[in-house]
Amino acid sequence: MQFSTARLPEDTSLVNSVAVIGAGVAGIQAALDLANHEILVHLIEREPSIGGHMAQLDKTFPTNDCAMCILSPKMAEVARHPMIQLHTCSSVEKIEGEVGDFTLTIRKKPRFIDESLCNGCGDCVQICPVEVYNRFDAGIGVRKAIYKPQPQSVPDLVIKDQEHCIECGLCYDVCARDAVLKEQKETEIQVHVASVIVAVGYTIFDACRKSQFGYLRFPDVITSLELERMLNASGPTGGEVRRLSSGSTPQSVVFIQCVGSRDISVDRPYCSCVCCMAAIKNAMLIKEKYPEAEVTICYQDIRAYGKGYEEYYRRAEQMGIRFLKGMPGGVEQDASGVTLQVENTETREVLTLHPELVVLSAGIDPAPDLPKIAESLGIPLEKTGFARAANDAMAPVTTIKPGIYIAGTVAAPRDIPDTVIMGEAAAMKAFRDVLAAEAKEL
Ligand SMILES: Cc1cc2nc3c(=O)[nH]c(=O)nc-3n(C[C@H](O)[C@H](O)[C@H](O)COP(=O)(O)OP(=O)(O)OC[C@H]3O[C@@H](n4cnc5c(N)ncnc54)[C@H](O)[C@@H]3O)c2cc1C
């Protein structure tokens, strides 16, 4: 496809462009759809790499496609697209104006790297002696103080974490391009756009709030996102499932569903939509890898609502995964390991289980920055904290504010296919605003 150079990315005075806030799969899809229609997109991502939660996943239900195999080509397309101006480590500080003519103030945090010089070779990462907790690995892996945010980062640049850097000087010495910086300041720019798509996604429910399950107290109690990172071949355990207490492979695994979902005691009355399928997926992956392992899913109801999902669930049953209808009251630990009691509500039998690993299917919470963003945009939130659409049935990506659209899990928990559909729909709406703004200018 040929791209016109009519709207050069450097020309931030143009309103014939769109801002997309958040570069998970929703924001990436929206940005690519717009850019492929020759609309200039400012894609604004808080983190040093784009990709969002999908980049952390191992496989995707219900096809068990490798998540990065389907996401990374889109990420790479974003990086090289002439109509996408990518702002990483960035957030929107201020939004003014109205549909057709919004002004956004974008603040970029320092990377302590000269982005025009770094080629992502990773020599500095190799030599860095400092290891710290890695958020991308959901806490079960470590990274260096100078690091690549994820194995297939876009943009392919490192970032220096000043908080943990000990200024040993090795990274400055090893960098052949002198790209590592001792000092760098925050910067601010303004961009003018016709409309804004908000795609800031979700965060995982803090499983510590259900303290009875022992998360962060018992090493062999982990969350589903941590399990995703373990199962991932490029993750901290190289794709092996490990007990954090001993490093051994667990012979029995119990999933506890609805941790922070459908639970009024923690103010989470809603269903997180993806946890049943994610648990089934990960249970299947464990069973495929370790056929002798006993895998049990303790659940309230199995919600297999999407295309191919019910068949996927049935396949898991055929693989020997045990579905136990009942919710454990808590998890205990003694010298022999973890124990949990659960009533099978179908048979009224009370069972005591001694799994070697417990996986908490932690629910989906609204993105932490959403209240601030919503306030600056003038869009309302639901009681649940997710962004409110103008009409959930008939206008799910439209907000009450003309020119402001929502896409993906920012609006409610949902799976990747529905997220992608919303990204496409929001792009279409934003495209119409650009056409209207262009028509006005003529
Ligand atoms: C354990 C688990 C397993 C899953 N497995 C599957 C699966 O197999 N199949 C499936 O279909 N779905 C699965 N899902 C659901 C899937 O993760 C989501 O549907 C999808 O990732 C949502 O994408 P998103 O773009 O809406 O949000 P996100 O992926 O959360 O992306 C939002 C982006 O916005 C950025 N951002 C946040 N705040 C700001 C800000 N203030 N400024 C700028 N940027 C910001 C974030 O850094 C992030 O990059 C799973 C979910 C979980 C928890």
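The structure presented is a predicted model; accordingly, all values stated were derived computationally and were not measured.

Enquirer: Explain the pairing of strand 13 (residues 195-198) here, please?
Expert: Two faces belong to every sheet, and in a regular strand the side chains alternate between them. Here strand 13 shows two buried faces, one formed by Ser 195 and Ile 197 and the other by Val 196 and Val 198. Alignment of strand 1 (residues 17-21) against strand 13, held across four bridges, turns out to be parallel. Residue pairing across strands places Val 18 opposite Ser 195, the latter belonging to strand 13. Looking at chain direction, strand 13 and strand 24 (residues 404-406) are connected through three bridges and run parallel.

Enquirer: Is there a simple way to explain the sheet that holds strand 22 (residues 357-362) in this structure?
Expert: Sheet strands line up and pair through hydrogen bonds in the backbone, either parallel or antiparallel. Read across the sheet, five strands follow the order 15-22-16-17-18 without closing on themselves; strand pairing throughout is parallel. Only two strands of the sheet have a single neighbouring strand rather than two, namely strand 15 (221-223) and strand 18 (322-325). In this sheet, neighbouring strand axes are inclined to one another by 25 degrees on average, regardless of whether the strands run parallel or antiparallel.

Enquirer: How should I be thinking about the site of the ligand in this particular structure?
Expert: Neighbouring the ligand are 39 residues; Gly 22, Gly 24, Gly 52, Gly 201 and Gly 408 lie closest to it. Within the residue set of the shell around the ligand, elements represented by two or more residues are helix 1 (25-35), strand 14 (202-204), helix 5 (224-231), helix 6 (275-289) and helix 9 (416-441). Among the residues making up the shell around the ligand, the classes are represented as 19 nonpolar, 12 polar and eight charged. When residues of the shell around the ligand are assigned to domains, at least three map to each of domain 1 (17-107 + 187-201 + 367-441) and domain 3 (205-364).

Enquirer: In this structure, what is going on with the sheet that holds strand 20 (residues 337-344)? I would like to understand it.
Expert: With antiparallel pairing, three strands are arranged side by side in an open sheet as 19-20-21. The outermost strands of the open sheet, each flanked by one partner alone, are strand 19 (331-334) and strand 21 (349-353). In this sheet, neighbouring strand axes are inclined to one another by 25 degrees on average, regardless of whether the strands run parallel or antiparallel. Where strand 19 meets strand 20, four bridges bridge the pair, whose relative direction is antiparallel. Paired with Asp 334 across the bridge in strand 20 is Gly 337.

Enquirer: Where do I start with unusual backbone geometry in this structure?
Expert: Apart from glycine, the bulk of residues carry a negative phi angle, and the bulk of peptide bonds sit in the trans form. In the segment running from Phe 61 into Pro 62, the intervening peptide bond is cis, with an omega of -5 degrees. Its place among the elements puts Pro 62 in the loop between strand 3 (59-60) and strand 4 (65-66). The residue after Val 154, namely Pro 155, is reached through a cis peptide bond having omega 0 degrees. Relative to the helices and strands, Pro 155 resides in the loop between strand 10 (146-147) and strand 11 (159-160). With a phi close to 55 degrees, Asn 64 is a non-glycine residue in the positive phi region. Inspection of the secondary structure puts Asn 64 in the loop between strand 3 and strand 4. On the neighbour-count criterion, Asn 64 (14 C-beta atoms within 10 Å) is partly exposed. Positive phi, close to 60 degrees, is recorded for Asp 267, a residue that is not glycine. Structurally, Asp 267 is set in the loop between strand 16 (252-259) and helix 6. Judged by the 11 C-beta atoms lying within 10 Å of it, Asp 267 is exposed.

Enquirer: Looking at this model, I keep getting lost on the pairing of strand 21. Mind explaining?
Expert: The element strand 21 is largely exposed, with a buried count of zero among its five residues. In terms of strand pairing, strand 20 meets strand 21 through five bridges, oriented antiparallel. Among the inter-strand pairings, Val 342 is bridged to a residue of strand 21, identified as Leu 351. Counted between consecutive antiparallel strands, the loop separating strand 20 from strand 21 contains four residues, among which Arg 348 sits at a positive phi close to 65 degrees.

Enquirer: What's the story with the packing of helix 1 against helix 2 (residues 67-80) in this structure? I'm lost.
Expert: Geometrically, a packed helix pair is captured by the angle between its two axes and the distance between the axes. Packing of helix 1 against helix 2 brings their axes to within 10 Å, and their N-to-C directions diverge by 50 degrees. Considered as vectors, helix 1 and helix 2 are oriented oblique to each other. As for the relative orientation of helix 1 and helix 2, their crossing is left-handed in sense. Residue-level contacts link Val 25, Ile 28, Ala 31 and Leu 32 of helix 1 to Leu 71, Lys 74, Met 75, Glu 77 and Val 78 of helix 2. For the contact of helix 1 with helix 2, the residue count by class is seven nonpolar, no polar and two charged.

What counts and what doesn't
Per chain, residues are indexed from 1 in the order of the written sequence. Given that the model is predicted, a residue must reach a pLDDT of at least 70 before its local features are reported, and side-chain atom pairs must reach 80 or more before they are shown or counted; all residues, however, enter totals for whole chains, interfaces and linings. Partly exposed residues are those whose C-beta has more than 12 but fewer than 20 other C-beta atoms within 10 Å; 20 or more makes a residue buried and 12 or fewer makes it exposed, with C-beta atoms placed from the backbone. Secondary structure elements follow DSSP: runs of H or I no shorter than four residues count as helices, runs of E no shorter than two count as strands, and numbering proceeds from the N terminus. In this description, strands pair whenever DSSP reports at least two bridges between them. Fitted lines through C-alpha atoms give the axes, limited to the stretch in contact for helices. The angle between two N-to-C directions lies from 0 to 180 degrees. We call a residue near a molecule or strand if the C-beta atom, set from the backbone, is within 6 Å of it. Residue type decides the class: Asp, Glu, Lys and Arg count as charged, Ala, Val, Leu, Ile, Met, Phe, Trp, Tyr, Cys and Pro as nonpolar, and the leftover types, Gly among them, as polar. Those domain boundaries reflect an automatic or database domain assignment. Orientation categories follow fixed angle ranges, with anything under 35 degrees roughly parallel, anything over 145 roughly antiparallel, 65 to 115 roughly perpendicular, and all other angles oblique. Working rule for handedness: look at the near helix, and if it is turned counterclockwise from the far one by less than a right angle, call the crossing left-handed; if clockwise, right-handed. Note on contacts: each residue gets a C-beta atom placed from the backbone, and two residues are in contact if those atoms are within 7 Å.

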